[in-house]
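Structure at a glance
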Amino acid sequence: MCYGSTLGFCLIRGHNIAHLDPLEINSPELPGNSSTKTIYANFSFGEQDMERQFKLPSTTFIGGDEASLPLKEILNRLENVYCNKIGVEFMFINSLEQCNWIRKRFETPGVLNFSPEEKRLILARLTRATGFEAFLAKKYSSEKRFGLEGCEIMIPALKEIIDVSTELGVESVIMGMPHRGRLNTLANVCRKPLNQIFTQFAGLEAADDGSGDVKYHLGTYIERLNRVTNKNIRLAVVANPSHLEAVDPVVQGKTRAEQFYRGDQEGKKVMSILIHGDAAFCGQGVVYETMHLSDLPDYTTHGTIHVVANNQIGFTTDPRFSRSSPYCTDVARVVNAPIFHVNADDPEAVMHVCKVAAEWRATFHKDCVIDLVGYRRNGHNEIDEPMFTQPLMYQKIRKHKNCLDLYADKLIAEGTVTGEEVKSVAAKYENICEEAFALAKTETHVKYKDWLDSPWSGFFEGKDPLKVAPTGVKEETLIHIGNRFSMPPPNAAEFVIHKGLMRVLAARKNMVDEKVTDWALGEAMAFGSLLKEGIHVRLSGQDVERGTFSHRHHVLHHQLVDKATYNSLQHMYPDQAPYSVSNSSLSEYAVLGFEHGYSMTNPNALVLWEAQFGDFSNTAQSIIDQFISSGQSKWVRQSGLVMLLPHGMEGMGPEHSSCRVERFLQMSSDDPDYFPPESDEFAVRQLHDINWIVANCTTPANLFHILRRQIALPFRKPLILCTPKSLLRHPEAKSPFSEMSEGSEFQRIIPDNGPAGQNPGSVKKVVFCSGRVYYDLTKMRAEKQLESDVAILRVEQISPFPFDLVKEQANLYKNAELVWAQEEHKNQGSWTYVQPRFLTALNHSRDVSQSDEPMSFSKTTTNTTTTTTDHTNNESASETESKPWLSRMFASNKSDGSTDGGPATGDFNAAKHFDLKNVRHDFNRPAGNAAAPGARISKTGRKISYTGRAASASTATGSKAQHIRELNALLNDAIST
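Residues numbered from 1 in each chain as written. Predicted model: local features only at pLDDT ≥ 70, side-chain atom pairs only at ≥ 80, totals over all residues. Heavy atoms only, no water.

Looking now at the overall build of the chain. What the chain contains, in helices and strands, is 33 helices and 32 strands. With 977 residues in all, the chain has 57% of them scored as buried. Counting contacts in the chain only where the partners sit at least 6 residues apart, residues at least 24 apart contribute 81% of the total. Accessible surface for the chain amounts to roughly 40,600 Å². Of this, 51% is attributable to carbon and sulfur atoms. (Helix = DSSP H or I, 4+ residues; strand = E, 2+ residues; numbered from the N terminus. Buried < 20%, exposed > 50% of the residue type's maximum accessible area, 1.4 Å probe, protein only. Contact = heavy atoms within 4.5 Å. Areas by Shrake-Rupley, 256 points an atom, 1.4 Å probe, with all protein chains shown as cover.)

Following this line, the structure appears as structure tokens:
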């Protein structure tokens, strides 16, 4: 009984007293956290008991080939296994098979015995990891690099995981990690050329487009030979922002996609490794959200190995103030993931844990966690002073030998290597670094494309970058898809469908017979036609199979048999591409990140994420801001992800109304003051140059085309699509097949085709709008019988802004007042985005004072519309051009145009910055030329006014009556003449 109790204690509580902290200052405050001698005393062991032989049960492996052992030996072996430098948490796992599997890997005698060759390999890898950090510290002492000092063993650990996984059949590893240790990982795990890494410290100009990112955020993609296993391996480190853990779901989505395209249904060929910091792993909610995707059928990656670089500190915050749980890894317990805590100063213990983790993942295809308990030798970054906040810890760290020195001493002492060998290995790697450093000095530019984490081989080659494939399809295709989408399963007699859905199918069939489509049918036809063309379609989000508003019904459920379902879009054509529609967990942050990662893998797929309501997307704001809107600019990485955001002010209260389209428009990268040159390629050039597309469609046909256009484009851009709610069943929100058949295309602006459009000269008011408010406006116009006096135009693609079509329509209605009407509040919706762009389209320009002219425009310049000559009555051009722009902005100009030496000390002289005597007339060019934000002036005298709700802090009222009053007021105002 005493033996059994001791065994149970070691299994369950052994990790509490294991020697995990290299600094020996932190230990979990848990019951049973005391020495083994104190614990054994509770069992009343006598000296005579220590030599007694005990038969070993079949559930333990500590005996090896021996059937019985003395109690003293049993206790020693248990202590060495569970209470030494490794602490294993696994007894919460509710699978006896898995628990016994783990016990065998740790209890079997000799599992921690390494051959001399293996030890020398560990030493060499640790030398490289340590040497890399030392080299950067020597060459770039004042640069932030977020080094691994104190946890250098992470590099050999990752290499061991990859080695074992490769031996077990893995061909591709996708990694996500924070900034700490990223450069070392790129250099020594991925083997990124060192000169490319060192060039990032030089501050050189980029040779390609984009804003770039700091060096410790960049990703990479490498294919190389694994020298240990002699097998080829693909390694990708996904680029990430400073937002810790935000990359986790992106990596999982990319991994899942690669498994899908390889036909790797069990995750045997493609795997993911996620590296975490201790404070972020327990502090960031996206970790929990991502963990909960691990076992979902349409989201699992069949096991992820999580590696925690545990510095025992978060920036300046001690663990006792940053988490409520004993360990930073406790979040993993919710998915029954075993947790292997290990002292990072014991390389051999770390290697064994990594080997077990890789074998666990290959055997059970489930997550596991390696907790590398180390420390952080420097501050949060290399120029930070940690003694301000952790003086006692850092006094100890300053006296503590690094892991390499400790392990080298151990190997020298046991005779595995000599001191000269240790020095030789270190010197050899330093020479490699010096050679790469010299090569980096010869570089004149950095290349962002060298850091691409998701290359699309062959996608861009041989394509006309401005040629868009047709989006219309043959009418027979529409009819075929519509009929299939309207049919019950082939075995309809046995498959019991809900009576309400039988009516839905019948209604679909009627529309197909009449050759018209509603929203759900238009979407299905877009999907079906792409599937026919071999394009994989994946739709994901909360309740997407049925649709939040019960309109989609892509998955039919047998009313009497559990799990019996039928998806007609998976059975359109015998040789079609796969279609996946997946109800997700109740998460936006992780699931949107997952789908973004999925979209990065293959450009020839349509990947869509739908929010339950549009405003719910704001819980995924980090993914939207840091990845989707800016990913191409920062990381040269394109994505064709589609975000479907239900949007519309329909009296449902503040939280179920607006998708906050204004936020997406604010992040659009087109210049409000620049009217691009008009040409046949105007629309596609705009799409090429912008960071994403924002649209609010009003017809199923336009939905059909814009979805198909995502694949038809010769490049990829994210699409932010405001989708309707009431329009899903609106009798007027239907489209004939003719608007989707060959020769048709997406309409950026839908003109007024009624009496007003037929006689534009007599129109008194033109109302521009976007989205469902169009149908309210047309109803009000009909009630007031103003169809000939008021034209209503729909701006379907809001960003990039259709300057050319707005100009065309404004010229058509030359005598009309121009109004923008929206149902959102004035400080929300599209108004603040469209207003300056309307003014640009209506041939407005800004004045620019001469002090802000760039050098190239101080000379005589000619373009297609204007000629600008040298300015007069100002200081000489050479004097102006020689001054910095800030000095010129605050220069003091005398009334005669001359400039004195500046104000006297203590005086302030206001600059005549907005002097209109030298008004520019050629402002129709991209921003970025130091143009001043002067007052707008009009060349045409035309302007556009706003009609809609007043500004508000809330998106909508909670009162239905007030909503109706506000709506009627804006409709009356918009339609009045």
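Picking up where we left off.
The subject of this paragraph is the packing of aromatic side chains. According to the stated counting rule, one finds 31 aromatic pairs in the structure shown. Residues F260 and Y261 carry aromatic rings whose centres are separated by 5.1 Å and whose planes lie at 75° to one another, so their mutual orientation is edge-to-face. On the accessibility criterion, F260 (33% relative accessible area) is partly exposed. Ring centres of F801 and F803 lie 5.1 Å apart, and the angle between their planes is 75°; this geometry places the pair in the edge-to-face category. Across the pair, exposure class does not vary: F801 and F803 are buried alike. The lysine or arginine in question, R837, covers the ring of Y833, its NZ or CZ lying 3.6 Å from the ring centre. (Phe/Tyr/Trp six-rings, centres within 6.5 Å; stacked < 30°, edge-to-face > 60°. Lys NZ or Arg CZ within 6 Å of the ring centre and 35° of its normal.)

Attention now goes to the nonpolar core. In this structure, F198 and I370 are the most contacted members of the largest nonpolar core, which totals 167 residues. No other element matches the ten residues that helix α14 (residues 347-364) contributes to this core. Aside from chain neighbours lying at most four places away, what touches I370 is I161, I305, H306, V307, V308, F340, V342, V353, C354 and A357. In this structure, M511, A524, L608 and F737 belong to the second largest nonpolar core, which totals 51 residues. (Core = buried A, V, L, I, M, F, W, Y, C linked by side-chain atoms within 4.5 Å.)

This brings us to helix α7 (residues 154-167). Taking 1.5 Å of rise per residue, 14 residues should cover 20 Å, and α7 covers 20 Å from first to last C-alpha, within 8% of that figure. With respect to burial, α7 is a largely interior element, 13 of its 14 residues being buried. Once α7 finishes, G169 follows within two positions and takes phi at roughly 115°, a positive value. (Expected span 1.5 Å × (residues − 1).)

Here we take up the packing of helix α5 (residues 96-107) against α14. Across the interface, α5 lies against α14 with an axial gap of 11 Å and an inter-helix angle of 150°. The pairing of α5 with α14 is recorded here as roughly antiparallel in orientation. Like other packed secondary-structure pairs, α5 and α14 cross with a definite hand, here right-handed. Contacts between α5 and α14 pair E97, Q98, W101, I102, R105 and F106 from the former with H352, V353, V356, E359, W360, T363 and F364 from the latter. Residue classes in the contact of α5 with α14 are distributed as seven nonpolar, three polar and three charged. (Axes fitted to C-alpha atoms, helices over the stretch in contact; angles between N-to-C directions. Parallel < 35°, antiparallel > 145°, perpendicular 65-115°, else oblique. Left-handed = near helix turned anticlockwise from the far one by under 90°. Nonpolar A, V, L, I, M, F, W, Y, C, P; charged D, E, K, R; others polar.)

Attention now moves to a nonpolar patch on the surface. On the surface, a nonpolar cluster with roughly 270 Å² of combined accessible area is contributed by V496, L560 and V561. Topologically, V496 is positioned in the loop between α18 (475-486) and α19 (499-514). V496 gets classed as partly exposed once you look at its relative accessible area, which sits at 31%. (Patch = residues over 30% accessible without salt bridge, like charges linked within 9 Å, V, L, I, M, F, W, Y side chains within 5 Å. Salt bridge = Lys/Arg side-chain N within 4 Å of Asp/Glu carboxyl O.)

Following both chains from N to C, one finds helix α6 (residues 116-139) and helix α16 (residues 403-414) inclined at 155°, their axes separated by 10 Å at the closest point. Judged by the inter-axis angle, α6 sits roughly antiparallel to α16. Between α6 and α16 lies a crossing whose hand is left-handed. Between α6, through K119, I122, L123, L126, T127 and T130, and α16, the contact on the second element is made entirely by C403, L404, Y407, A408, L411 and E414. Split by residue class, the contact of α6 with α16 holds eight nonpolar, two polar and two charged.

This part is about the environment of Q390. Here Q390 shows up in the loop between β11 (368-373) and α15 (391-399). Among the residues examined, Q390 registers a relative accessible area of 5% and is labelled buried. Note: C-alpha distance between Q390 and T316 (74 residues apart in sequence) is 7.4 Å. Ignoring sequence-local partners within four residues, the contact set of Q390 consists of I313, T316, T317 and D318.

The element helix α22 (residues 621-628) is largely enclosed, with a buried count of six among its eight residues. Listed as buried for α22 are S622, I623, I624, Q626, F627 and I628.

Take the pairing of strand β6 (residues 220-226) next. Relative to strand β7 (residues 231-237), β6 is paired through seven bridges, and the arrangement is antiparallel. Bridge pairing in β7 places N226 opposite K231. The antiparallel pairing of β6 with β7 creates a hairpin that spans four residues between the two strands, and N230 there sits at a positive phi of about 60°. (Pairing = 2+ DSSP bridges.)

Here we come to the sheet that holds strand β9 (residues 304-310). Spatial ordering of the open sheet is given by β3-β10-β11-β9-β8-β4-β7-β6, a layout of eight strands whose pairing is mixed. Strands at the two margins of the open sheet, each flanked by one partner only, are β3 (86-89) and β6. Here the strands of the sheet are splayed against their neighbours by 20° on average, with no regard to which way each runs. In the sheet, strand β4 (residues 172-176) pairs with strand β8 (residues 270-277) via five bridges, with the strands oriented parallel. Looking at β8, one finds that V173 is bridged to M271.

What follows covers the pattern of salt bridges. Counted by the stated rule, this structure contains 40 salt bridges. Across the pair D295 and K366 runs a salt bridge whose closest N-O atoms are separated by 3.3 Å. Here D295 is found in the loop between α12 (285-291) and β9, whereas its partner K366 is found in the loop between α14 and β11, with 71 residues between them in sequence. For D295, a relative accessible area of 55% translates into the label exposed. Here E681 ties to R685 by a salt bridge, and the two come within 3.5 Å at their closest N and O atoms. The class for E681 is partly exposed, based on a relative accessible area of 34%. In this structure, a network of salt bridges that share partners links the residues K119, E348, K410 and E414.

Summarising the element assignment, P178 is placed in the loop between β4 and α8 (182-188). Through-space distance from the C-alpha of P178 to that of S242 is 7.4 Å; in sequence the pair is 64 residues apart.

Glancing now at unusual backbone geometry. Along the chain, S799 connects to P800 via a cis peptide bond; the corresponding omega equals 0°. Assignment of secondary structure puts P800 in the loop between β26 (797-799) and α29 (803-812). Residues other than glycine seldom take positive phi values, yet N230 does so here, at roughly 60°. In this structure, N230 sits in the loop between β6 and β7. A positive phi angle, near 60°, is found at R660, a position not held by glycine.

Bringing the state of the cysteines into the picture now. Within the structure shown, the criterion is met by zero disulfides. Between C697, a free cysteine, and C722, which holds the nearest cysteine sulfur, the sulfur-to-sulfur gap is 8.9 Å. (Disulfide = S-S within 2.5 Å.)

Before going further, it helps to examine the pairing of β4. β4 sits mainly inside the fold: five of its five residues count as buried. Where burial is concerned, the two faces of β4 agree: the one with S172, I174 and G176 and the one with V173 and M175 are both buried. In this structure, β4 lies alongside β7, joined through four bridges in parallel fashion. In the strand pairing of β7, M175 is matched with V237.

With mixed pairing, five strands are arranged side by side in an open sheet as β23-β25-β24-β27-β32. If you trace the sheet from one side to the other, it starts and ends with β23 (749-750) and β32 (944-949), each paired once. Here strand β27 (residues 817-825) pairs with β32 via six bridges, running parallel. Within β32, the position partnered with L818 by the bridge is I944. Across the sheet, helix α30 (residues 831-841) lies against β24 (765-769), β27 and β32, angled at about 165° from β32, the strand it touches most.

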